[in-house]
Amino acid sequence: MFPTPQGRSPRRRTLAALAAGSAALVALSACTGASSGSGGGTPSEGGSVSFALPPNATPNWILPVGLPGYLATYNSSIQHEMFVPLVDFNGSSGSVALDEKGGAANPPKYAPDGKSATITLKDLTWSTGAKVTTRDVEFWFNLVRANKTKWGGYSKGRIPDSVTAFKAVDDKTFTLTFDQSYNPEWYTANQLIYVVPLPQAAWDKQSADGQVGDFDRSEEGARKVFDYLTGQAKQIANYNTDPLWKVTNGPFALKEFTTGGQVTLQKNPKYTGQDPAHLDTVVFKPFTSADAEFNVLQSGGVDYGYMTSANLGQRGALEARNFKVEPWRGWAITYIPYNFNNPQAGPAFKQLYVRQAIQGAVDQKSIAKNIWRDMATPGYGPVPQDDKSEFLSEAQRKAPFPFDIENSKRLLTSHGWQPGPDGTLACASPGTAENQCGAGVAAGTRLKLTLLTESGSKETENMMLELKSSLSKVGIALEVKPQPLNTVLGNSVPCTPEQNECSWQLSFFGTQGSWYFPAYPSGDRIFASGASSNLGNYTDPHADELITAALKSQDPDAMRKYGEYLTQQLPVIWLPNPVYQISVLNKKLQGVVQDPLAGMQVQRWYLTK
């Protein structure tokens, strides 16, 4: 489960046309996510609710500016409750759209030429009593601009690169000038969602005992402030006492954050916005496995948990005990990135025919049906595999590389790979001719690969065993190394061949979906050259051109062309995309929307009597 602040789930854009100078809104019908509905009972204020975190996944980041390796959805969901983003998108209205109550600003107003936007903040205050002002937005821009290569949300040419000037009109209004004209829909939904006003008057310092200043206004100063804040954010044991994290402006504040991953949020009595919390506290509980979570759920120890597909037979028993069972579907894709810069396996991964052979060994339909019990959808490209999506290309829809073991074997042997004594293929014909292994692949290179995979899920374990078995029939040996999700994410970072961090070859973090998209599944953060979340170091000039074109155009065909190309290029191993989770909710818990963007509007949850 690799994450974005939000993802968007379009089947069809219902509000695509934008009048010049009007607010940029995107309302995306479909995939709206199940809601707990009214469900009966009398709504009450107060009380506490417990939420089960995914297996072996523990929150480990509090600063609302994430670094690579710290971008899991549960981190951003918790931050979201404490620090109000500039704009917010979710499915709480019944369709994925701009959620005006959830953001710190009113809808942006774009210039007719699309080269600037004017934004006005709402009346919000920090817990210190200070107003949220344009200075707090400028602080975010200064920190991110000076440290963009460290920021997990960075993609070259996108925000903050795309903003050439930030001008504060007054304390509540500012103007952003862009380097070129942008599609306002895309810019609001896929760029402005990353902006989070930060408490400049409390955080603009370079050490714990340092004085607060305007350090962020110089590049060197901004770097030092960023290093200080991210350094503090790595000290989980200090979260409960560090005064930095006491300064919030969201509907909830931090009550407890343990090193074991349990987080308790409490209602923020100083919240001044339009979207206050109803509950007194929400407890995010960690579990080492889905089975451990299910045992606690059955004993009543969790109000909002989940079950595995293998346990679906117990649905009736749960419903008889005052629980609801609702699949949580998401706007996401699931995949295994290749590390193209790995010194051993990278040269082989760079050969398209090798990637085609590996993809042909993935029996997606069988995995979806037999392992996920139809709680996953096969995916063949970079766009969420929703048949009604206007962004889905015909090439991706038709699955150009279906499961075919014999074809995969032919692809490899016809390019000079021969089996060794143990059956594992080795390059016997190095070179660049059509019947040879390809550029950079040395003689004797063996297709013996290692895969880091998140632990704690039977479905993931079984899926990896199935993949290992299929690849062995092709002549590829796969060693699977299960690890906690945070460890997998931390060990799967972009790298260069000479770095120790580049030892990983394949990585899986998709038990709940590998990547949740913003409204436009443009892939600029995960497939564009140099993007900080392009973990496998994939680079392709034509892919970059298509991604850029998709960002500028309101024509869905631009997105389809991008999708078609990456479907053919196989920058990752495409896998079935599972539901975010099969949720099990206490019927007394209401106000829940299972947002296809994987976000949670916890402040809107309430209990009934």
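Okay, so let's go over this structure. Predicted model only: the values in this text are computed from it and were never measured.

1. Notes on the overall build of the chain
Secondary structure assignment for the chain yields 16 helices and 28 strands. Against the 2.2 N^0.38 benchmark of 25 Å for 609 residues, the chain shows a C-alpha radius of gyration of 24 Å, consistent with a compact globule. Put simply, the chain has 609 residues, and 61% of those count as buried. Considering only contacts within the chain whose residues lie at least 6 apart along the sequence, 69% involve residues at least 24 apart. Summing over all exposed atoms, the chain offers an accessible surface of approximately 21,700 Å²; the carbon and sulfur share of this is 50%. Both charge centroids of the chain, one from 55 positive and one from 55 negative side chains, sit 3 Å from each other.

2. Some points on the pairing of strand β10 (residues 173–178)
Burial of β10 is extensive: five of the six residues sit out of reach of the surface. Bridge analysis of strand β8 (residues 116–120) against β10 gives five bridges, and the strand direction is antiparallel. Looking across to β10, one finds that Thr118 is bridged to Thr175. Linking two consecutive strands that pair antiparallel, namely strand β9 (residues 163–168) and β10, is a turn of four residues.

3. Focus on helix α5 (residues 219–233)
The end-to-end C-alpha separation of α5 is 21 Å, in line with the 21 Å expected for 15 residues at 1.5 Å each. Along α5, the residues that are buried comprise Gly221, Ala222, Val225, Phe226, Tyr228, Leu229, Thr230, Gln232 and Ala233. Buried-residue contacts for α5 involve α2 (134–146) and α4 (200–203).

4. A few points about α2
End to end, α2 covers 18 Å across 13 residues, agreeing with the expected 18 Å (1.5 Å per residue, within 8%). With 12 of 13 residues buried, α2 is to be regarded as a mostly interior element. Residues of α2 that are buried: Thr134, Arg135, Asp136, Val137, Glu138, Phe139, Trp140, Phe141, Asn142, Leu143, Val144 and Ala146. Looking at the packing, one finds that the buried side of α2 touches β9, β10, α4 and α5.

5. Brief notes about the nonpolar core
Side chains of a nonpolar character, in soluble globular proteins, are inclined to be buried together. Counting 166 residues, the largest nonpolar core has Trp140 and Trp605 as its most contacted members. If one sorts the elements of this core by residue count, α2 sits on top with seven residues. If we skip the residues at most four places from it in the chain, Trp605 touches Val49, Phe51, His278, Leu279, Val282, Tyr304, Leu589, Gln590, Gly591, Val592 and Met600. Within the second largest apolar cluster, 15 residues are counted, among which are Ala52, Phe287, Ala290 and Ile582.

6. Thoughts on the environment of Lys285
Here Lys285 shows up in strand β13 (residues 281–287). Since its relative accessible area comes to 24%, Lys285 is described here as partly exposed. When the C-alpha atoms of Lys285 and Trp151 are compared, they prove to be 27 Å apart, with 134 residues separating the residues in sequence. Contact partners of Lys285, with chain neighbours within four places excluded, come to Ser50, Phe51, Ala52, Leu53, Gln262 and Gly301. Looking at Lys285, its side chain comes within polar contact range of the main-chain oxygen of Gly301, at 3.1 Å.

7. So, unusual backbone geometry
Each neighbour pair has its own omega, and for Ile159 with Pro160 the value is 15°, a cis peptide bond. Following the sequence through the fold, Pro160 ends up in the loop between α2 and β9. One non-glycine residue, Asn322, adopts positive backbone phi at about 75°. Residue placement: Asn322 occurs in the loop between α7 (315–320) and β15 (323–328). Asn322 gets classed as partly exposed once you look at its relative accessible area, which sits at 37%. Although it is not a glycine, Ala399 sits at a positive phi angle of roughly 55°.

8. Observations regarding the state of the cysteines
In the structure shown here, the tally under the stated rule is two disulfides. Paired by a disulfide, Cys495 and Cys502 hold their sulfur atoms 2.0 Å apart. Since a negative S-S torsion denotes a left-handed disulfide, the Cys495-Cys502 link at about 70° is right-handed. Note on Cys502: relative accessible area 1%, which makes it buried. Sequence-ordered numbering of the bonded cysteines in the chain gives a pairing of 1-2, 3-4.

9. Re the packing of aromatic side chains
Inspection of the entire model under this criterion finds 29 aromatic pairs. Here Phe51 and Trp605 contribute two aromatic rings whose centre-to-centre distance is 6.2 Å and whose plane-to-plane angle is 40°, an arrangement assigned as tilted. Of this pair, Phe51 sits in strand β4 (residues 48–55) while Trp605 sits in the loop between β27 (589–590) and β28 (606–608), and the two are 554 residues apart along the sequence. When sorted by exposure, Phe51 lands in the same class as Trp605, which is buried. The interplanar angle of 40° and the centroid separation of 4.4 Å between the aromatic rings of Phe178 and Tyr187 together place this pair among those described as tilted. On the basis of relative accessibility, which here comes to 5%, the residue Phe178 falls in the buried class. One aromatic cluster is present, built from ring pairs that chain together Phe51, Phe284, Tyr304, Trp328, Tyr516, Tyr580 and Trp605.

10. Focus: the sheet that holds strand β3 (residues 43–44)
One open sheet accounts for three strands, arranged β3-β28-β27; its pairing is antiparallel. Looking at the sheet topology across the chains shown, the edges are occupied by β3 and β27.

11. Some points on the pattern of salt bridges
Using the criterion set out here, one finds 20 salt bridges in the structure. A salt bridge links Asp214 to Arg135; the shortest N-O distance between them is 3.0 Å. Of this pair, Asp214 sits in the loop between α4 and α5 while Arg135 sits in helix α2; the two residues are 79 residues apart in sequence, bridging distant segments of the chain. Among the ionic contacts, a cluster of salt bridges with common partners joins Arg135, Glu138, Asp204, Asp214, Asp216 and Arg217.

12. Concerning the packing of helix α9 (residues 352–359) against helix α12 (residues 405–413)
Interaxial distance between α9 and α12 falls to 8 Å at its minimum, and their mutual angle equals 160°. Between α9 and α12, the interaxial angle falls into the category roughly antiparallel. The two elements α9 and α12 meet at a crossing, and its hand is left-handed. Contact residues: Tyr353, Val354, Gln356 and Ala357 in α9; Ser408, Leu411 and Leu412 in α12. Taken together, the residues of the contact of α9 with α12 sort by class into five nonpolar, two polar and no charged.

Rules of the game
Residues numbered from 1 in each chain as written. Predicted model: local features only at pLDDT ≥ 70, side-chain atom pairs only at ≥ 80, totals over all residues. Heavy atoms only, no water. Helix = DSSP H or I, 4+ residues; strand = E, 2+ residues; numbered from the N terminus. Rg over C-alpha atoms; globule rule 2.2 N^0.38 Å. Buried < 20%, exposed > 50% of the residue type's maximum accessible area, 1.4 Å probe, protein only. Contact = heavy atoms within 4.5 Å. Areas by Shrake-Rupley, 256 points an atom, 1.4 Å probe, with all protein chains shown as cover. Lys, Arg positive; Asp, Glu negative; His and termini not counted. Charge placed at Lys NZ, Arg CZ, Asp CG, Glu CD. Pairing = 2+ DSSP bridges. Expected span 1.5 Å × (residues − 1). Core = buried A, V, L, I, M, F, W, Y, C linked by side-chain atoms within 4.5 Å. Polar contact = N/O pair within 3.5 Å; in protein donor to acceptor, adjacent residues only side chain to side chain. Disulfide = S-S within 2.5 Å. Phe/Tyr/Trp six-rings, centres within 6.5 Å; stacked < 30°, edge-to-face > 60°. Salt bridge = Lys/Arg side-chain N within 4 Å of Asp/Glu carboxyl O. Axes fitted to C-alpha atoms, helices over the stretch in contact; angles between N-to-C directions. Parallel < 35°, antiparallel > 145°, perpendicular 65-115°, else oblique. Left-handed = near helix turned anticlockwise from the far one by under 90°. Nonpolar A, V, L, I, M, F, W, Y, C, P; charged D, E, K, R; others polar.

Note that all results are geometric; they support no functional claim without further evidence.
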